[in-house]
Amino acid sequence: NAGVTQTPKFQVLKTGQSMTLQCAQDMNHNSMYWYRQDPGMGLRLIYYSASEGTTDKGEVPNGYNVSRLNKREFSLRLESAAPSQTSVYFCASSSTGEASYEQYFGPGTRLTVT
Amino acid sequence: AQSVTQLDSQVPVFEEAPVELRCNYSSSVSVYLFWYVQYPNQGLQLLLKYLSGSTLVKGINGFEAEFNKSQTSFHLRKPSVHISDTAEYFCAVSTNTGFQKLVFGTGTRLLVSP
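These figures come from a predicted structure and were not determined experimentally. (Residues numbered from 1 in each chain as written. Chains lettered and ligands numbered in written order. Predicted model: local features only at pLDDT ≥ 70, side-chain atom pairs only at ≥ 80, totals over all residues. Heavy atoms only, no water.)

Caption draft 1: Summary view of the overall build of chain B. The helix and strand inventory of chain B stands at 0 helices and 12 strands. Counting helices and strands in the order they occur from the N terminus, chain B gives β-β-β-β-β-β-β-β-β-β-β-β. In terms of overall size, chain B behaves like a compact globule, its C-alpha atoms giving a radius of gyration of 14 Å where 114 residues would be expected to give roughly 13 Å. Principal-axis analysis of the C-alpha atoms places the extent of chain B at approximately 45 × 30 × 20 Å. Buried residues in chain B amount to 48% of all 114 residues. (Helix = DSSP H or I, 4+ residues; strand = E, 2+ residues; numbered from the N terminus. Rg over C-alpha atoms; globule rule 2.2 N^0.38 Å. Buried < 20%, exposed > 50% of the residue type's maximum accessible area, 1.4 Å probe, protein only.)

Below, the structure is given as structure tokens:
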């Protein structure tokens, strides 16, 4: 039982390049989330997927797209990376009902855009 | 909308001393409250949560928190800290209706020294 896995762990991009961050969970959770973590700003929600087949914008969606590929996988795409997107990205998942209040986090992807 | 304030960005403390990490929230509706911990270079994990019932909540690793509705606070405490408690601690809030999205505070770095 690996929990939430993210790839890659580290990535360096040049301005304008694109990339996709991958996330998978093996806990049969319905809901999945993408956050970014910046110094002094805590975690901010980029996009979330309440259930398979649905996605919604969070607090800071500009410059990102997501795909809920299936129940297990939720990817985050940067179409044209900008230095402002330098951050640590976390994927999380949760089940439904009262247990949905606990989100399980992956180890993060550290992205640098030069 | 909900918001969370963690006034202390960093709290230094000596090993075996007590510690309190402060969290205040703002919301026009009833909320659920959480504390998450992030160890260096890792994702977040849930320490404890308040959903309803007793206002004193006990979590993992000897931590506890008290929900105070009149003061809109949810401070985290530990009577005796260890070196291994050095980490960043995040307070988070969500509404108790609809799809629960977490809103995080900016975090408090707990530094435990010998």
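Next comes the rest of the description.
Caption draft 2: Spotlight on the pairing of strand β2 (residues 10-14) of chain B. All names here are of chain B. The alternating pattern of β2 places V11 and V13 on a buried face, while none of Q10, P12 and F14, on the opposite face, is buried. Here β2 runs beside strand β12 (residues 108-113); their pairing, made up of 5 bridges, is parallel. Looking at β12, one finds that F14 is bridged to S113. (Pairing = 2+ DSSP bridges.)

Caption draft 3: Quick look at the pattern of salt bridges. For the structure shown, the criterion picks out 9 salt bridges over all chains. Here D38 of chain A and R36 of chain A are joined by a salt bridge, their closest N and O atoms 2.9 Å apart. With respect to class, D38 of chain A is no different from R36 of chain A; both count as buried. A salt bridge links R77 of chain B to E20 of chain B; the nearest nitrogen and oxygen atoms lie 2.8 Å apart. Of this pair, R77 of chain B sits in strand β9 (residues 73-78) while E20 of chain B sits in strand β3 (residues 19-21), and the two are 57 residues apart along the sequence. According to the relative accessible area criterion, R77 of chain B is partly exposed, its value standing at 28%. Taking relative accessible area as the criterion, E20 of chain B reaches 35% and is therefore assigned partly exposed. In the salt-bridge network here, residues are joined through shared partners; they are R36, D38 and R44 of chain A. (Salt bridge = Lys/Arg side-chain N within 4 Å of Asp/Glu carboxyl O.)

Caption draft 4: Quick peek at the interface of chain B and chain A. Each partner contributes residues to the interface: chain B has 18 residues there, and chain A has 21 residues. Approximately 1,700 Å² of surface area, both sides summed, lies buried where chain B meets chain A, with 60% of it carried by carbon and sulfur atoms. Contact with chain A buries surface across chain B, with L44, F99 and F104 of chain B losing the most and accounting together for 29% of the total. Where chain B packs against chain A, one counts 0 salt bridges. Counting across the chain B and chain A interface gives 2 residue pairs in polar contact (both at pLDDT 80 or more). Among the elements that line the side of chain B that touches chain A, the one with the most residues is strand β5 (residues 31-38) of chain B, at 4 residues. (Contact = heavy atoms within 4.5 Å. Buried area = accessible area lost by both parts, 1.4 Å probe. Polar contact = N/O pair within 3.5 Å; in protein donor to acceptor, adjacent residues only side chain to side chain.)

Caption draft 5: View of unusual backbone geometry. Residue T7 of chain A is joined to P8 of chain A through a cis peptide bond whose omega torsion reads -5°. Within the fold, P8 of chain A resides in the loop between β1 (4-7) and β2 (10-13). A positive phi angle is found at N28 of chain A, which is not glycine, with a value near 60°. Assignment of secondary structure puts N28 of chain A in the loop between β3 (19-25) and β4 (31-38). Phi is positive for E16 of chain B, close to 75°, though the residue is something other than glycine. Inspection of the secondary structure assignment puts E16 of chain B in the loop between β2 and β3. The exposure class of E16 of chain B is exposed, given its relative accessible area of 60%.

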